[in-house]
Structures are given as structure tokens and as C-alpha cells.
Amino acid sequence: MNTNTRQKKAKSKKLLSTGSEWSFELIDDYYREIARVAKQFGLDTYPNQLEVISAEQMMDAYASVGMPVMYNHWSYGKHFLSTQKSYQRGAMGLAYEIVINSSPCIAYLMEENTMTMQALVIAHAAFGHNSFFKGNYLFRSWTDASAIIDYLVFAKNYIAQCEQRYGDDKVEELLDSCHALMNYGVDRYKRPQKLSLSLERAKQSERETYQQSQINELWRTLPKRMQEEKSFEENRFPSEPQENLLYFIEKYAPLLEPWQREIVRIIRKIAQYFYPQRQTQVMNEGWATFWHYTLLNQLYDEGLVDDAFMLEFLHSHTNVVFQQPVTSKWFNGINPYALGFAMFRDLRRICEEPTAEDAAWFPDLVNTDWKKTLDFAMRNFKDESFILQYLSPKLIREFRLFAILDDDYLPKLKVAAIHDGDGYREIRHKLAGQYNLAGREPNIQVYEANTQGDRSLTLRHYQYQRRPLGNSVHEVLKHISRLWGFSVKLDSVDEKGRVLLSYECKLEKRGG
Amino acid sequence: MIHMIDRRLNGKNKSAINRERFLRRFKGQIKEAVTKAVNGRSITDIERGEKVSIPVKDINEPGFAHAQGGVWERVFPGNDRYSRGDEIERPSGGDGAGGNGGAGNGGDGEDDFVFELSKEEFLEFFFDDLELPNLVKTQLKQSMVMKPVRAGFTSDGTPTNIHVLRSLRAALGRRIALSAGPLEELNTVQEQLDELLETQGERSKEVQTLQAIIRELKAKLVCIPYIDPFDLKYTNRIRVPRPTTQAVMFCVMDVSGSMDEAKKDIAKRFFILLYLFLVRAYEKIEVVFIRHHTQATEVNEHDFFHARDTGGTVVSSALKLTKKIIDERYPDADWNIYVAQASDGDNWDSDSPQCRQMLNAEIMPLLQYYAYVEITEGEPQNLWFEYEKVAEQHAHFTMRRIRNPSEIWPIFKELFKKVSARSGA
């Protein structure tokens, strides 16, 4: 891309606009050009719906986890207050964009943005994120873009109805407890069912009666006929540990009313919808950033936008992808935009201009069609596996990554690896591990529900690398026992299955 | 055409309900903060929002998380000094590499969660203790009567508001400005013409051209309109909040040893409430603070609530001072006078009849209203009995015994009827 060809081309086409004001017609023009270029690059997206909103509305959207419809809860009020406060103090600019994984894919354009920023948001959200939502395997199997908005409408109405019927406080308590377990409401390995509004409604009452009958059966107190004594292991319920706490509670908690089970289910479904996002932050942002960069540069090469546009665009782009070094006082972890963007750019470079090192590390990538290679990477990986697969030595050098070992048995921290020949693989492996959900969140599963005696619930925390639980465990146990209705115990066990530590929340009285 | 929706006109207060839920949930903490703020504020400064802070640990939403300890392996960017095998001291204070979630800066989570309460919300919490009926709450919170006042001039408006003097002055200015050029030119040409006429005859060609120019310039001058829509100026009127007249409020309080902080707090709420009522009804309010034990003094608000004295109580001293101040500064023809007295009921035995006499003869005729609260749990004493006699004679004298803030309100019921009747008239 030398300047000569640029200038030649620049003469051949007309600029889309000059100046920073936007209008609906201009947005339409830009959208059409960006869509055309995106199609040339082979991006496959859901249909788009752009919504122009004001800054206040952006704060509203922010506060309700970005969703256009959401049930009411005090915690969203809390988020709103803190966003409002820091926005008004000027401590924080609002995000330029929010995009919703739905079909049509909704992207918000804030009215305060300049035309350049609107174009950036369109390229980033309406094409970058959108194509990721549609293509990535996690989103494909865990979320249903066409049904989510309808489902949220259903959830909001159902919860509002419950509030009217059973009182705000009871519903709030229940939601608090469910939120505390939100990260434990997902089957990590089983593919979930798709959402469908009509089915959901039709089945809801059916489900209520059926579930209640099952629970009644499980918790029968009538004496059974004499049976052969079974060994403890055989008799244990559930027979296998269950990782989906909310599901277990929804199905088996003895005292929940049908409407409470339905709300547990709603929170579980919403948790599941957000599950892929937590695992693809680097990839998702990297992909969107890569594409806004590529698409807008293409527009520039074709002479559709001027230098002023590009300067403004590059200014905010470089802000977004800047990585603070660990020594900086602003350092706040690895910037997913920076890492993701660098990795996709690097991947393209490996395809187009490989070095000898790349040939050794990625023999089946060099000199392939970069569009196909990137598309494959986007579709079939999550952060952990993406880094494990594609982080190149060149990037490790560029970021000057180094690994620190923090073992509480050792008196000092140790530098385990740096960006040298011996360290590349180790760093890549450890960085990938850092994005592994299992390592980030404590692994807690339902171990036993006592169906014969005091109906208490026993959970197990399977320690990973000897990492202990934080103090919040006591609070969370209170929430679990509120849902379960009886005492709840949590055992921390080490790799060999020995119980190291027990927490307990005793519930004396019956009822939540 | 791409699917584009303009949502800007949709409501922007989608979060209002969540905000309200948040306030409801932390009512206890917020109320505490409001009470603290009320104690710290002047009673004439109640109608303002307030920053409220709640400890973060109270509003955290818990979830399972890892604590420090065990084995952590982390990757960081920006290595500029380490090589493999180096050992580093653990950063102290749990911050940094060993902490949670990518070594957050200063994430010790002990800061308070701070947010603003609006003026309405603040008053709502303030009223909460007092158990005001809802109607009264709205009346207290609503803003004052609007009244149009003059505010300079504008260049558009209705014909009735045309300001003639200003309009003509603008027209004159415009005429002078527009005619300056042609007039000057006209003068010079006229001079040339006069010179020519002296040397040459009227019929010469140059004279004729000059005359043509003069005609043209004169036509130009005639074309400048005398008045133009552009010149019109209108009187501008804006609406400003404006209650009717002025009032003075006397706060009289016993500060003898037996009045403790709790009693003073109740008294303060009582004064605040009275003030809020008066603010609604009067344009200008002055507050006079009189505290007394055996002697009465006029003090500022801070000393009124915070200084404390010991010794006996002579109520009549305060009444005398009140009377004196009224006579000197607040003639009852110009001022609506309100007196609010708070006391724990102690008084010298011989002084109480004197108080009654003073009230009956000298003070009550001057007043709009006299409100007396006795903050005590004990038996009524002689002051109370003497005041009862005053209340029999004067309908605008009310008295109540109260033990906690929720009992303040009944006293205002009557007063409130009066105030609304007055402003309705």
C-alpha cells in the first residue's frame, strides 16, 4: 500500500463526507460502503439494526448489562448510580458502543459521537461483533440470537407479575440469591436447549405441575417398604456431582414454590446467554477491532474518506489498543483489545509475510489465504484455546510478556519465564491458562443432598492449585440455604479428595 | 436502506425504577446519612440534595471467588528488567502480583459507595420519621407560585408588549447607521456642485452629472425606512417563583442543663418543619434564634444548637427578649410573626404565671401563631398548666408534649390548615 496508488485511487472516487457532523443520510451512506467492503472480505453477519440514542440512554443501557429489556433489580440501580457519578465527574467517557447478540443485531450509536466515531462503531459493532456472534462456536451452541429479546420480555413480565402477586421483597430476595450463583448456572459441557418464546409459555405451567410432583416424590416422608441396605455410595443423591447449582436447585430444592423455580430458571437461562461472552473477551474484541481497522483502512484506500477522518479514527483506535506495561501505575491487567487485535493482525501477517520463525511454529498457516485462516480461528476457538493455538513468539517479544510464579510455600515470587527461546511455549501455555474459566472461578459442585435425614445440601469445592476460597463464601452459603430451605455445607477438598476445610450455614427454622 | 431507529425521543429514565429500588433497599443507611446531614445543616438550608455514602461491603453482591494463597501463575506485559529465575519480593499489602484478578490497582474495596440524593429524595427521607400525610409531603415539596417579572427586552414577542421608546431608539440608530455613508457623499458632491456653479454655468455637463448623482443619493436616503420590523423591541417577562410576603420566625429554646442532645435534635426537626412551611407561604423569611436559661440571648444558629449551659430556667426572660426584638425590628404591620418554642417544661414556679400574663397581654396579639412543644417524658409542670390557660384564650396558640419525632406532626396539622387558608385567600 504505497502512497502513489492511494492518491491515484483517491481521485477516482468521491469522499463520503467531510467534517464531523453526522446525519441519518450520511450514516446510511457509510453503512452501505462498509457493508460492501465487509462483504468483499467475506464477513457473514446477522441483519443489522442501528439505534441512535442519547448519553443518558447509554447510561441506562449500561446499567442493565447492555440489554434493551431487563427485569428490575436494585443492583442495576446501583450500577446506574455509579456510572452516572463517574460520568458526571468526567472521570470516565461512556463506551462508544454497545452491541447486542441478537438477530437482528442491535448496535447503539450515541448522538454525541462524530461521524467518524459513528463509522467506527458501525464497522466495529455491526460488522465485527456481529459476525463473531454469528460465527463463533460458543455463541452458536449456547445462545439463540433470534429469541433472546423475546425471552427477556417474557422474563421481565413474569418477574413483574410475581412482584405483584407475591410482593417486591420476596422476589428481590430470590433474585439476590440467584445472582450470587449466576456463574454456577451453566452446564459447561452439555449443549443447552434453544430458547423459544411460544414453547416457553406453553410449557411453563405444564412444567410447574410436573416438577412439583417430582419433588414431592423425591422428598416423600412416608416410610418406604423395607429395602436392602445399600452402601452409602450407591445411595448418594445425586449419584454424580452436579456442576450446575442453579439447575439442581430449580429441580430439587424441597421448599421452593413453582413461581420461584421459574425465576431460578430465568436467571439460569440469562446466565447461560452471557456464558460465551465471558470466555471470548479477547477474541471478540480483537476480532471487532481488527475489522474496524481493516474496513476503515479499505475505505481510505478507496478514497472514500479523507485524512481528517483517518486521523480522528486512528487517535481513538490507538487509545483502545494501547497496552500499559506492568510497571505503569495505570496498569490494569492485559488489555483484551490490545492482545486480541495484535493476535489477529499477527495471524494475517503470518499468512501473508511469514518469516522463518513462523514457518517453524505455524507450518500449516504460512502462505494460506488469510481470510480463510482468520475465519477458521474466529469460528472454532475461545480465548484459552485461541491463545494456546495462535500466540506467536513475535508477539510475546513485542508485548515483552513474562510469567511470574506466586507460590505461597515460597518466600519470594519467581520469574518463571520471559520472552526468550526457552520461554515462548511456557508463556503461551500460562497465558492461555489465565483465560481458563475453571482456573479463574472456584470449581464448586453439588456433592450430596440428604434425602433421608435432615435434607441438608453438601457442596464440594475442588481446589485448584491449592487456591482457597475468599471470604464471600459465607454470604453465598446464606443465599444457597435460602434457596435450598435447609442447612448447606461446603467442603473444600484437595486434589486427592481429602476434606481440608468446611463451611456451613445452618438453617434452624423451616422455610426460606 | 439499513434499519435505523431514532430512540432519542424515547424515555431516558429507564433506570429510574432500579434507582428507586436501590434507595428502598438501603433505606436504613441512607436515612442515617440524611439524619446526619440534617444535624449538620442550617435549618434554612434543608432543600438541597445530599451526597450519601454507603460502605461498599454493605452493597456488594457476593459470589464465590478465590482468595490469595495457593499457587498462581500469571503472565504480565512490559518486562523491562527480569530474566528467568529472578526472585522478587512479594509486594506488600496484598496488592499487585499476588492479588486477585490481574493485579488490580488499589482494589482493596474499602472505599464507600457515594451517590447524590436529589432534593426531593432528601426531603422524602427527612419526612419519613415525621409521618407526614402524603398530601402534605407534596405540598411541602412543590415549588412556589410563579409570578411574571420584567427581564429586559427581546426582539420578538406579542404586539401588546412592544416597547415604543426602545423600538424608536433602535430605529433611529439604524437610520443613522444606514444613512451615514450616503449623507457624507451627498455633502461632498453638494460642495463640488456649489464650486462648479460658481465657475461654470448651470447647463454645463459636469453640473448635470453631479445633479444626477445628488438625485440618486437623495433617493437612496428616502428609501431608508423610518421603522423596520427589525427595530421592534418587546418588553420581556419571565416567570420567577414568588411567594407573597415576609415573615419572621422566632426559635426559642431552653438550653438549661436538662436539655440533652436528643431533645435538641427533636427541637431542631420541629424548627425545620416550621421553616419549611413558612418558606412555602412567604417571600422572605428571617429567623431569629433566642436561647435562654435564667437569661435570654439572641444567638446565631450554631450557638443555638450546640452551646450548652447549666443552671435554672426563667422562661419569661426569653419572652421579654422576643417582645423587645419584635418592637425594635419587626413591626407587626409589616411582618407575619411566628414563634416556636421548645423546652423540657422546667421553669421557676413563680415565673410561669408571669409568662402567661406576658403572652396574653403583650405577645399573642402581635403573632400569627405560637407553637410550643414540651419535649419530656415526665409529668407536666406549672409552665404547662399556665400555657393551657393561654391556649384557651387564643386559638392561634398550640402546645404539645412530645417524646419522639413522629409526634411533631400533629402540632403542624392545625398550623398547616391556617397557612393554606391564608395562601388560598
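All values derive from a computational prediction rather than experimental measurement. (Residues numbered from 1 in each chain as written. Chains lettered and ligands numbered in written order. Predicted model: local features only at pLDDT ≥ 70, side-chain atom pairs only at ≥ 80, totals over all residues.)

A.B. asks: Describe the sheet that holds strand β7 (residues 457-462) of chain A, listing the residues and the values that go with them.
C.D. replies: Residue and element names in this part refer to chain A. Read from one edge to the other, the open sheet built from 4 strands follows the order β6-β7-β8-β9, with strand pairing classed as mixed. Every interior strand has two partners, whereas the edge strands, β6 (443-449) and β9 (499-505), have only one. Recorded for the sheet is a direction-independent mean angle of 25° between the axes of neighbouring strands. In the sheet, strand β8 (residues 488-493) pairs with β9 via 6 bridges, with the strands oriented antiparallel. (Pairing = 2+ DSSP bridges. Helix = DSSP H or I, 4+ residues; strand = E, 2+ residues; numbered from the N terminus. Axes fitted to C-alpha atoms, helices over the stretch in contact; angles between N-to-C directions.)

A.B. asks: Pulling in residues and values, what's your account of the sheet that holds strand β1 (residues 48-53) of chain A?
C.D. replies: Within a sheet, adjacent strands bond to each other through the backbone by hydrogen bonds, running parallel or antiparallel. The strand order across the open sheet formed by 4 strands is β2(A)-β3(A)-β1(A)-β1(B), and the pairing between neighbours is mixed. Of all strands in the sheet, those with a lone pairing partner are β2 (99-100) of chain A together with β1 (3-6) of chain B, marking the two edges. Contacts from helix α5 (residues 115-135) of chain A reach β1, β2 and β3 (105-110) of chain A, with the element oriented near 160° to β3 of chain A. (Contact = placed C-beta atoms within 7 Å.)

A.B. asks: Describe the domain arrangement of chain A, with residues and values.
C.D. replies: Looking at chain A, the domain boundaries give domain 1 (3-136 + 280-315), domain 2 (326-438) and domain 3 (442-505). If you average the C-alpha positions of domain 1 of chain A and of domain 3 of chain A, the two centres end up 44 Å apart. (Domains from an automatic or database assignment.)

A.B. asks: Tell me what's going on with the environment of Gln281 of chain A, and back it up with residues and numbers.
C.D. replies: All names here are of chain A. For Gln281, the location among the structural elements is in helix α13 (residues 281-301). Its 16 C-beta neighbours within 10 Å are what place Gln281 among the partly exposed residues. Distance in space between the C-alpha atoms of Gln281 and Lys382 is 8.6 Å, their sequence separation being 101 residues. Among residues more than four places away in sequence, those in contact with Gln281 are Pro336 and Asp383. (Buried ≥ 20, exposed ≤ 12 C-beta atoms within 10 Å, placed from the backbone.)

A.B. asks: Give a description of the interface of chain B and chain A that names residues and reports values.
C.D. replies: If you look at the interface, chain B gives 55 residues, while chain A gives 77 residues. Listed by contribution, the elements that provide at least two residues to the side of chain B that touches chain A are β1, α1 (16-25), β3 (71-76), β4 (87-88) and β5 (112-117) of chain B. Tallied by class, residues from the side of chain B that touches chain A come to 23 nonpolar, 15 polar and 17 charged. With 4 bridges joining them, β1 of chain A and β1 of chain B adopt parallel strand pairing. Pairing of Leu50 of chain A across the sheet is with Met4 of chain B, part of β1 of chain B. (Nonpolar A, V, L, I, M, F, W, Y, C, P; charged D, E, K, R; others polar.)

A.B. asks: Lay out the nonpolar core with the relevant residues and their values.
C.D. replies: Counting residues in hydrophobic clusters, the biggest one holds 160 residues, and the most contacted among them are Ile34, Ala107, Ile122, Ala123, Leu246 and Leu295 of chain A. The dominant element in this core, judged by the number of residues it contributes, is α5 of chain A, at 12 residues. Dropping the residues within four chain positions of it, Leu295 of chain A is found in contact with Ile34, Val37, Ala38, Ala123 and Phe127 of chain A. One finds Cys251, Met259, Leu276 and Ala340 of chain B within the second-largest nonpolar core, a separate group that totals 57 residues. (Core = buried A, V, L, I, M, F, W, Y, C linked by C-beta atoms within 7 Å.)

A.B. asks: Mind laying out the pairing of β8 of chain A, listing which residues take part and the relevant values?
C.D. replies: Residues and elements named next belong to chain A. Pairing of β7 with β8, which is carried by 6 bridges, proceeds in the parallel orientation. From the neighbouring strand, Leu457 faces β8, where its bridge partner is Val488. With helix α22 (residues 472-484) bridging β7 and its parallel neighbour β8, the resulting β-α-β unit is right-handed. Linking β8 to β9, which pair antiparallel, is a turn of 5 residues; within it Gly497 sits at a positive phi near 90°. (Right-handed = clockwise from strand over helix to strand, strands pointing away.)

A.B. asks: Outline the pairing of strand β13 (residues 397-402) of chain B, supporting the account with residue identities and numerical values.
C.D. replies: Residues and elements named next belong to chain B. Across 6 bridges, the pairing between strand β12 (residues 369-375) and β13 is parallel. The partner of Tyr370 across the bridge, within β13, is Phe397. What joins β12 to β13 is helix α12 (residues 382-393), and the crossover it makes is right-handed.

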